[in-house]
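Here are the chains, one letter per residue:
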Amino acid sequence: MATLVRPAEMERITTPALAQAFIDEQLAELQQQIGDKKVLLALSGGVDSSVVAAMLIKAVGKQLTCVHVNHGLLRKGEPEQVIEVFRNQMDANLIYVDATDRFLDKLAGVSDPEAKRKIIGSEFIEVFAEEARKLDGVTFLAQGTIWPDILESEKGIKAHHNAGGLPDDLSFELVEPVRILFKDEVRVVGKALGLPDNMVYRQPFPGPGLGVRCVGAITRDRLEAVRESDAILREEFAKNGLEGKVWQYFTIVPDFKSTGIKNEQRSFEWPVVIRAVNTKDAMTATIEDIPWPLLHHITNRITREVKGVNRVLYDLTPKPTGTIEWE
Ligand code: XMP
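Residues numbered from 1 in each chain as written. Predicted model: local features only at pLDDT ≥ 70, side-chain atom pairs only at ≥ 80, totals over all residues. Heavy atoms only, no water.

Trainee: Sorry, what's going on with the overall build of the protein chain here?
Mentor: Broken down by element type, the protein chain carries 10 helices and 10 strands. The C-alpha atoms of the protein chain give a radius of gyration of 21 Å, which matches the 20 Å a tight globule of 327 residues would have. In terms of principal-axis extent, the alpha carbons of the protein chain reach across some 70 × 40 × 40 Å. Taken across its 327 residues, the protein chain has 50% of its residues classed as buried. Counting every atom, the protein chain has about 15800 Å² of accessible surface; 53% of that belongs to carbon and sulfur. One way to put it: in the protein chain the 40 positive side-chain charges average out to a point 4 Å from where the 48 negative ones average out. (Helix = DSSP H or I, 4+ residues; strand = E, 2+ residues; numbered from the N terminus. Rg over C-alpha atoms; globule rule 2.2 N^0.38 Å. Buried < 20%, exposed > 50% of the residue type's maximum accessible area, 1.4 Å probe, protein only. Areas by Shrake-Rupley, 256 points an atom, 1.4 Å probe, with all protein chains shown as cover. Lys, Arg positive; Asp, Glu negative; His and termini not counted. Charge placed at Lys NZ, Arg CZ, Asp CG, Glu CD.)

Here it is, written out as structure tokens:
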């Protein structure tokens, strides 16, 4: 399966019926490939790994072990949702690792964006490898590789982000059940597998998570301000019909403070920056025109509800000159 190529004549999966046909075919193939052996999967809760998990749970049940590493940089409610959906509802073998302290301790005082990314990436592999070593007799590693990943790594645009990274003592055969699918097809398949809409239609979220939105050296209190303001923004976008309309939206908390007034007293606190962009391929992006009254309402909520924040700003910068993320 690892060498599987998308057939040129393959019909785009756009309907529940086509998704079901793909699922039936894949389940049979997975059962044949895996037999009675064991499979391991790093389950982030993103669309691709969630769909792979749901397929493997259907195909081989408890022969699959999912490892969900919480690096402390996930959005509000995400680790809880992974546990609820996969452990409680789908009865998966799920190992939940709360590695928040480990990541935040390593990141303490590190302000360079690239250094932060490297720490998060290598620490993630280390935590996952430690969990993998605790398990006996695992033959396969499942991955949420999708077709654009293959095309991009072939073109040399980006290294195949999967496959690599694990230490040499951990060598597995790969299982990649959504390898020939485009992202929109993965979503249709996820829906047909019964995954919740907020998992299937989730906006893109970077691997380093909220870490790249807590600009500069991450502190726990400022990270909390990122997480809480992001939750308010998502809630208001959902309530006001912007959820499926805007490609990506989130908040950033820079590492500086300004003077303000709260409860008739001087405050000296952080600003929250709102970013909401539209794009096709993330190479360029335009800014969403958020209705002015909604921006006022969100500003009001964030300044009242988020600890340590006294201002809200809206980032009007397209890509280029800005990138979508701030780091
Ligand atoms: P930029 O900031 O480069 O982001 O304009 C383009 C898109 O990529 C996402 N992004 C990442 N995704 N790992 C990821 O999986 C990363 O390190 C990463 N950095 C940026 C970003 O959220 C946007 O959708």
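From this point, the narrative continues.
Trainee: Quick question: what am I supposed to make of the site of the ligand here?
Mentor: Around the ligand, the structure places Arg117, Pro204, Pro206, Gly207, Pro208, Trp247, Gln248, Ala282, Lys319, Thr323, Ile324 and Glu325. Interatomic distance of 2.6 Å between a side-chain N/O atom of Lys319 and an oxygen atom of the ligand. Protein contacts shield 68% of the accessible area of the ligand, which totals 500 Å² for the unbound molecule. Taken together, the residues of the shell around the ligand sort by class into six nonpolar, three polar and three charged. (Near = heavy atom within 4 Å. Polar contact = N/O pair within 3.5 Å; in protein donor to acceptor, adjacent residues only side chain to side chain. Nonpolar A, V, L, I, M, F, W, Y, C, P; charged D, E, K, R; others polar.)

Trainee: Honestly, the packing of helix 9 (residues 220-239) against helix 10 (residues 292-305) in this entry has me stumped. Any pointers?
Mentor: Angle between the axes and distance between the axes are the two parameters that describe a pair of packed helices. Between helix 9 and helix 10, the shortest axis-to-axis distance is 10 Å and the interhelical angle comes to 150 degrees. Here helix 9 is positioned roughly antiparallel relative to helix 10, judged by the angle of their axes. Seen along the crossing, helix 9 lies across helix 10 with a hand that is right-handed. Residues Ser229, Ile232, Leu233, Glu235, Glu236, Phe237 and Lys239 of helix 9 form the contact with helix 10, whose own contacting residues are Leu294, His297, Ile298, Arg301, Ile302 and Glu305. Here the residues of the contact of helix 9 with helix 10 sort into six nonpolar, two polar and five charged. (Axes fitted to C-alpha atoms, helices over the stretch in contact; angles between N-to-C directions. Parallel < 35°, antiparallel > 145°, perpendicular 65-115°, else oblique. Left-handed = near helix turned anticlockwise from the far one by under 90°. Contact = heavy atoms within 4.5 Å.)

Trainee: Help me understand the nonpolar core, please; the structure alone is not making it clear to me.
Mentor: The tendency in soluble globular proteins is for nonpolar side chains to be buried side by side. Counting 45 residues, the largest nonpolar core has Phe237 and Ile302 as the members making the most contacts within it. Ile302 has contacts with Ser229, Ile232, Val272, Val309 and Val312, leaving out every residue within four places of it along the chain. Counting residues in each nonpolar core, the second largest holds 43 residues, with Leu27, Leu56, Val82 and Phe140 among its members. (Core = buried A, V, L, I, M, F, W, Y, C linked by side-chain atoms within 4.5 Å.)

Trainee: I tried to follow the pairing of strand 4 (residues 138-142) on my own but got confused; where do I start?
Mentor: Consecutive residues of a regular strand have side chains that alternate between opposite faces of the sheet. A large share of strand 4 lies buried, amounting to four of its five residues. One ladder, built from four bridges, connects strand 1 (residues 38-42) with strand 4; its direction is parallel. Across the sheet, residue Val39 finds its bridge partner in strand 4, namely Phe140. Where strand 4 and strand 5 (residues 173-175) come together, three bridges link them in parallel fashion. Bridge pairing in strand 5 places Phe140 opposite Glu173. (Pairing = 2+ DSSP bridges.)

Trainee: Mind showing me how you'd approach the packing of aromatic side chains here?
Mentor: When we look at a pair of aromatic rings, we describe it by the centre distance and by the angle of the planes. Scanning all chains against the criterion turns up one aromatic pair. Taking NZ or CZ as reference, Arg75 lies 4.0 Å from the ring centre of Phe205, over its face. Looking at Arg213, its charged tip hangs above the ring of Phe250, at a distance of 3.8 Å from the centre. (Phe/Tyr/Trp six-rings, centres within 6.5 Å; stacked < 30°, edge-to-face > 60°. Lys NZ or Arg CZ within 6 Å of the ring centre and 35° of its normal.)

Trainee: Help me understand the sheet that holds strand 5, please; the structure alone is not making it clear to me.
Mentor: Strands pair in a sheet through their backbones, by hydrogen bonds, and they do so in one of two ways: parallel or antiparallel. An order of 3-2-1-4-5 is seen for the five strands of this open sheet, with the pairing classed as parallel. Since the sheet does not close on itself, it has two edges, and those belong to strand 3 (93-98) and strand 5, each with one partner. Going across the sheet, the axis of each strand differs from the next one's by a mean of 30 degrees, ignoring polarity. Pairing between strand 2 (residues 64-70) and strand 3: six bridges, direction parallel. Looking at strand 3, one finds that Thr65 is bridged to Asn93. Sitting on the sheet, helix 1 (residues 16-34) is in contact with strand 1, strand 4 and strand 5, with an inclination near 165 degrees to strand 5.

Trainee: How should I be thinking about the pairing of strand 6 (residues 248-252) in this particular structure?
Mentor: Counted residue by residue, strand 6 has five buried out of five residues, so it is predominantly covered. Residue alternation in strand 6 divides its side chains into two sets, Gln248, Phe250 and Ile252 and Tyr249 and Thr251, and both sets are buried. Here five bridges tie strand 6 to strand 8 (residues 265-278), and the two strands are oriented antiparallel to one another. Across the sheet, the residue bridging to Ile252 is Val273, located in strand 8.

Keep in mind these values describe shape, not function.
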